[in-house]
Every structure is written in structure tokens, then in C-alpha cells.
Amino acid sequence: MSLRNVLLLVVLAVLVTFVVVNWAAFSVPTSLSLVFASVEAPLGLIMLGITACLAALFLAYVVYLQSSVILEARRHAREFAAQRELADQAEASRFTELRRYLDERLDALAADVASSRERVEGAFTETGAGVRASIEQSANTLAAHLGELEDRLERRLPAGIGT
């Protein structure tokens, strides 16, 4: 039990004890004026009845407030759940859009890499062909120069020395 409930029970017990102990005083009839008439009635019981009615009214008001707060909290919870669902859907949509964008970018990059690879391979092929042609030309030139040197040497050397 909460402290508030315990306090209310203690106050109620004290009030009941007070009424029981002073029942004789509560039930003594008295002359009461109602502005337009006079009545003989026990003032204590009338005041106790008024107090009970006020307590019942306050209890009804508290129950009304509690129920309206609970209903409002439930309505807010439903709205919050709906907003959370919308936010989750929007986030999923953003993730889907991001994935699509990344896939497009990766495909574009893959195409760029493939075209770059083709260009580099083409450049290597051209360069390799040029290098081969240069090597062949250098080999032919070298062979020609060696052949020319050989001819010169053969002309200058007497026959039979070189063999």
C-alpha cells in the first residue's frame, strides 16, 4: 500500500472512532434554521451526512480525473505507436533508398574500373607492341652493325687468320 492510502485509512479510522465515541452528542436533536423554516434534527448527523456527501463527490471527481488521465494516456500511446510505425517505415524507406543509391554508385564505379582496366590493358598492349618493335629494330640495327664490323674485320685481316 502506498503512504497516501495508509494515511487516508488512518484518517478514516480516527473519524469513525470520533463518531462512535461521541455518538450521543451527534444524535442529540437541535433546533436548526433553514432560513425559511425551523427544524428539529440532530446537527451532528446532518454535518456527518454533509461530510460523507462531500467525500463521495470528491471521490467521484478523483475517479473522473483518473479515468480521463488513463484514457488520454492510452490515446497518446496509440498516437505514439502510430508515429513510431511511420518513423520506422520512413527509416526503412531511407535505408532502401540508400542501398539503391549505393548499388548504383558501386555499379558506376565497377564500370569505371572496367573501362580504366581496358584502357590500361590497351595502353600496355600498345606499349608492349612498341617495345617489341623497338627491341626488334634495335636487334636488327645491332645485327647490322655487327655484320658491318665483321665485314670490316674480314677485309682487314688476312685470309686464314680468323679461321
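Residues numbered from 1 in each chain as written. Predicted model: local features only at pLDDT ≥ 70, side-chain atom pairs only at ≥ 80, totals over all residues. Heavy atoms only, no water.

### Thoughts on the overall build of the protein
Put simply, the rule is: Strands here mean DSSP runs of E at least two residues long; helices mean DSSP runs of H or I at least four residues long; both are numbered from the N terminus. Per-residue and other accessible areas were derived by the Shrake-Rupley procedure at a 1.4 Å probe size, with only the shown protein chains allowed to occlude residues. Here Asp and Glu are counted as negative and Lys and Arg as positive; His is not counted, and neither are the chain ends. Note that the charge is assigned to NZ on lysines, CZ on arginines, CG on aspartates and CD on glutamates.
Across its full length, the protein carries three helices and two strands. In the protein, the order of α-helices and β-strands from amino to carboxyl end is α-α-β-β-α. Its C-alpha atoms give the protein principal-axis dimensions of about 170 × 30 × 20 Å. Of the roughly 14,300 Å² of accessible surface on the protein, 67% is carried by carbon and sulfur atoms. Separation between the mean location of the 15 positive side-chain charges and that of the 19 negative ones in the protein comes to 5 Å.

### Concerning the pattern of salt bridges
Selection criterion: Any Lys or Arg side-chain nitrogen located within 4 Å of an Asp or Glu carboxyl oxygen qualifies as a salt bridge. Only protein chains enter the area calculation, which uses a 1.4 Å probe; residues under 20% of their type maximum are buried, those over 50% are exposed, and those in between are partly exposed.
Within this structure, the stated rule accounts for five salt bridges. Between Glu72 and Arg75 there is a salt bridge, with its nearest N and O atoms 2.2 Å apart. Of this pair, Glu72 and Arg75 both sit in helix H3 (residues 43–156), three residues apart, which is roughly one turn of the helix. The partly exposed category is assigned to Arg75, whose relative accessible area is 32%.

### Here's the deal with the pairing of strand E2 (residues 38–42)
Which entries qualify depends on this criterion: Strands were regarded as paired on the criterion that DSSP finds at least two bridges between them.
For strand E1 (residues 29–33) and E2, the ladder comprises five bridges, and the chain directions are antiparallel. Each bridged residue has a counterpart across the sheet, and for Ser33 the counterpart in E2 is Ser38.

### Here we look at a nonpolar patch on the surface
Stated formally: Patch membership requires over 30% relative accessible area and the absence of a salt bridge. Like charges are linked within 9 Å, and nonpolar side chains (Val, Leu, Ile, Met, Phe, Trp, Tyr) within 5 Å.
On the surface, Met1, Val6, Leu9, Val10, Leu12, Val14, Leu15, Val16, Phe18 and Val20 cluster together into a nonpolar patch covering about 970 Å² of accessible area. Among the secondary structure elements, Val6 is positioned in helix H1 (residues 3–21). Residue Val6 is classed as partly exposed on the basis of its relative accessible area, which comes to 36%.

### Side note on the packing of aromatic side chains
Our working definition: Stacked, edge-to-face and tilted labels apply to pairs of Phe, Tyr and Trp rings (six-membered ring for Trp) whose centres lie within 6.5 Å, assigned for plane angles under 30 degrees, over 60, and everything in between, in that order.
As enumerated under the stated definition, the model contains one aromatic pair in all. Here the aromatic rings of Phe18 and Phe26 are separated by 5.9 Å at their centres, their planes lie at 85°, and the arrangement is edge-to-face. Residue classification places Phe18 among the partly exposed residues on the basis of a relative accessible area of 46%.

### A look at unusual backbone geometry
A positive phi angle, near 70°, is found at Val35, a position not held by glycine. Along the polypeptide, Val35 turns up in the loop between E1 and E2.

### What to know about the confidence of the model for the protein
Where we set the bar: The quantity known as pLDDT measures the predictor's confidence residue by residue, on a range of 0 to 100.
The pLDDT averaged across the protein works out to 90; a share of 96% of its residues lies at or above 70. Least confident of the elements in the protein is helix H2 (residues 23–26), whose mean pLDDT is 85; most confident is H3, at 92.

### Brief notes about the environment of Gly147
Mapping Gly147 onto the fold places it in helix H3. As a C-alpha pair, Gly147 and Arg4 span 143 residues in sequence and 121 Å in three-dimensional space.

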